[in-house]
Amino acid sequence: MLFTIDFYQEPRNLLFLLFLVVTIIQLYYFWFYHARVAFGKNKASQTSTPPVSVVICAKNEFENLKNNLPLILEQDYPSFEVILVNDYSEDDSFFLLKSLEEKYKHFRVINLRENVNFFAGKKLALAVGIKSAKNEFLLLTDADCRPAGNQWIRTMINGFVSEKEIVLGFGGYEPEKSFLNKLIRFDTIAIALQYMGMALAGKPYMGVGRNLAYKKSLFYRIGGFTSHYKINSGDDDLFVNQAATGNNTVVCLNPAGFTYSNPKKTFWQWFRQKKRHMSSGVYYRKGDKIRLGIYSLSGFLFYTLFVLTLLFSVSIEFIAATVGLFLWRIISLMLMHYYSGKRFMEKKLFLYSPIFDVLIIFLNPLFAISNLFYRKNKWK
């Protein structure tokens, strides 16, 4: 007997139809967007080495600056300066930075000595650093980030081919043995698959301030952060969302161009970080919000409808088809994370991807809902 579906005579069959639709949507995002990162090649081939200004903002980051700044200052690149904006730090950063400034001639420190930051977050400090930069090519990172090696600047700047004005880099997290650490690293790769994959498909919508490059002229042309200065986050993703196009944006997939930082140690620290990152999403362009909303909603419905379809299936054929679709989507998920994990130096995380995927899909709505009830502007 052939397996047929009569949606009009049996309303319960509509559950399977809905499950089929959301599965197809999820597979579309996997294989049309994410696969570009998982299986793509880094096509950047810039051979020149234009002068670069690396801009970093810091507030009470003594230990991170002590560990990471020398790695940035000693990059293998012919012409670059490093600008550190010390935003009213109350620790010993001032003395450390002064000693480094005396040692490295290409290092400049800007000390904001008064708490006059009328911008939300670190946007004022970053804008001051960008304005002080001598060079057209800007490379941004955070004080708690270390470059993958001494080719970081060269690799990121290689992305500025043709008329490109923005290079989106990957900012990963240092591995630890805890469950939370693995979850954070998985989430970071999942986000990278999304924003890098869409950028490679000509739909860039965000970047991460841990590793981002763009031209100074672009910053001035779109008015810097003025359109979203009241928002505590967005110095990276909202800027890219406003300035990036399918023609002026490129993605760096070369591991030599990655950065790494230490992740949060507790769930509540990570929870607050995720809330802050997600708070800027409501200000994205309409088309970006629709695409991201469809992906998130279809992921949530995928697991919900899978359970409901199994519970209310009318035949063994429906159960078999439901399980088959479920496995197809899970296998696709694992393939994306296996190959992207190799690229992002996270070869074993794909083994946890089915579990972490469920957790992230059901945690993200909690992060978003919590922003409706409590928002607080912080530097970082």
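What counts, and where the lines are drawn
Residues numbered from 1 in each chain as written. Predicted model: local features only at pLDDT ≥ 70, side-chain atom pairs only at ≥ 80, totals over all residues. Heavy atoms only, no water. Helix = DSSP H or I, 4+ residues; strand = E, 2+ residues; numbered from the N terminus. Rg over C-alpha atoms; globule rule 2.2 N^0.38 Å. Areas by Shrake-Rupley, 256 points an atom, 1.4 Å probe, with all protein chains shown as cover. Lys, Arg positive; Asp, Glu negative; His and termini not counted. Charge placed at Lys NZ, Arg CZ, Asp CG, Glu CD. Polar contact = N/O pair within 3.5 Å; in protein donor to acceptor, adjacent residues only side chain to side chain. Contact = heavy atoms within 4.5 Å. Axes fitted to C-alpha atoms, helices over the stretch in contact; angles between N-to-C directions. Parallel < 35°, antiparallel > 145°, perpendicular 65-115°, else oblique. Left-handed = near helix turned anticlockwise from the far one by under 90°. Nonpolar A, V, L, I, M, F, W, Y, C, P; charged D, E, K, R; others polar. Expected span 1.5 Å × (residues − 1). Buried < 20%, exposed > 50% of the residue type's maximum accessible area, 1.4 Å probe, protein only. Arc of directions from axis to C-beta. Bend = angle between axes of the 7 residues up to and from the residue. Pairing = 2+ DSSP bridges. Phe/Tyr/Trp six-rings, centres within 6.5 Å; stacked < 30°, edge-to-face > 60°. Lys NZ or Arg CZ within 6 Å of the ring centre and 35° of its normal. Salt bridge = Lys/Arg side-chain N within 4 Å of Asp/Glu carboxyl O.

Undergrad: Summarise the overall build of the protein; cite the residues concerned and give the values.
TA: Counting secondary structure elements, the protein contains 12 helices and 10 strands. Compactness check: the protein gives a C-alpha radius of gyration of 22 Å against a globular reference of 21 Å for 380 residues, within 12% of the reference. Its C-alpha atoms put the protein at 80 × 45 × 40 Å along the principal axes. For the protein, the exposed surface amounts to about 17900 Å²; the carbon and sulfur share of it is 61%. The average position of the 46 basic charges and that of the 29 acidic charges among the side chains of the protein differ by 2 Å.

Undergrad: Any chance you could break down the side chain of T249 for me, citing the residues and the numbers?
TA: Along the chain, the position of T249 falls in strand β9 (residues 249-251). In this structure the side chain of T249 is engaged in a polar contact, spanning 3.1 Å, whose partner is the backbone oxygen of T245. Here the side chain of T249 touches N248 through a polar contact of 2.8 Å, side chain to side chain. Setting aside its immediate chain neighbours within four residues, T249 contacts K164, I166, L168, P204 and A244.

Undergrad: With reference to specific residues and values, describe the packing of helix α1 (residues 13-38) against helix α11 (residues 316-343).
TA: The contact between α1 and α11 brings their axes to 10 Å, and the two run at 15°. Classified by the angle their axes make, α1 and α11 are roughly parallel. Handedness of the crossing formed by α1 with α11: left-handed. Class assignment of the residues belonging to the contact of α1 with α11 gives a composition of 18 nonpolar, seven polar and two charged.

Undergrad: Account for helix α2 (residues 62-73), naming residues and giving values.
TA: Between its terminal C-alpha atoms α2 stretches 16 Å, which fits the 16 Å expected from 12 residues at 1.5 Å a residue. The set of residues buried in α2 consists of L65, N68, L69, I72 and L73. With its buried residues spanning 135° around the axis, α2 presents them on a single face.

Undergrad: Before we move on, could you go through the packing of helix α6 (residues 179-200) against α11 and cite the residues and values that matter?
TA: The contact between α6 and α11 brings their axes to 11 Å, and the two run at 95°. Considered as vectors, α6 and α11 are oriented roughly perpendicular to each other. Contacts from F186, I189, A190 and L193 in α6 reach M336, H337 and S340 in α11.

Undergrad: So what's going on with the environment of Y88? Residues and values would help.
TA: Among the structural elements, Y88 can be located in the loop between β2 (80-87) and α3 (93-103). Counting along the chain gives 37 residues from Y88 to A125, while the straight-line C-alpha distance between them is 9.7 Å.

Undergrad: So what's going on with α1? Which residues, and what values?
TA: Taking 1.5 Å as the rise per residue, α1 with 26 residues should run 38 Å; its terminal C-alpha atoms sit 35 Å apart, in good agreement. At W31, α1 shows its largest kink, close to 30°.

Undergrad: Please set out the sheet that holds strand β4 (residues 137-142) residue by residue, giving values where relevant.
TA: One open sheet holds the seven strands; their spatial order is β3-β2-β1-β4-β8-β6-β9, and the pairing between them is mixed. A strand with exactly one partner marks an edge of an open sheet, and here the two such strands are β3 (107-112) and β9. Neighbour-to-neighbour, the strand axes of this sheet turn through a mean angle of 20°, independent of strand direction. With seven bridges connecting them, strand β1 (residues 52-58) and β2 associate as parallel partners. Of the residues in β2, the one forming a bridge with V54 is V82.

Undergrad: Let's hear about the packing of aromatic side chains: which residues, and what values?
TA: With the rule as written, the count across this model stands at 40 aromatic pairs. Where F39 meets Y339, the ring centres are 4.9 Å apart and the plane angle is 50°; that geometry is what we call tilted. Here F39, found in the loop between α1 and β1, pairs with Y339, found in helix α11; they are 300 residues apart in sequence, far enough to count as distant. Residue classification places F39 among the partly exposed residues on the basis of a relative accessible area of 40%. Every member of this aromatic cluster is reached through a ring pair, and the members are F19, F300, F302, Y303, F306, F326 and F362. Lying over the aromatic face of F302, R329 brings its terminal NZ or CZ to 4.7 Å of the ring centre.

Undergrad: Describe in detail the pattern of salt bridges, supporting the description with residues and values.
TA: One pass over the structure, following the stated rule, counts 11 salt bridges. Here K122 ties to D142 by a salt bridge, and the two come within 2.5 Å at their closest N and O atoms. Residue K122 is found in the loop between β3 and α4 (123-132), and its partner D142 is found in strand β4; the two are separated by 20 residues along the sequence. Accessibility expressed as a relative area gives 9% for K122, which makes it buried. Residue D142 is classed as buried on the basis of its relative accessible area, which comes to 9%. The salt bridge involving K265 is made with E176; its shortest N-O contact spans 2.4 Å.

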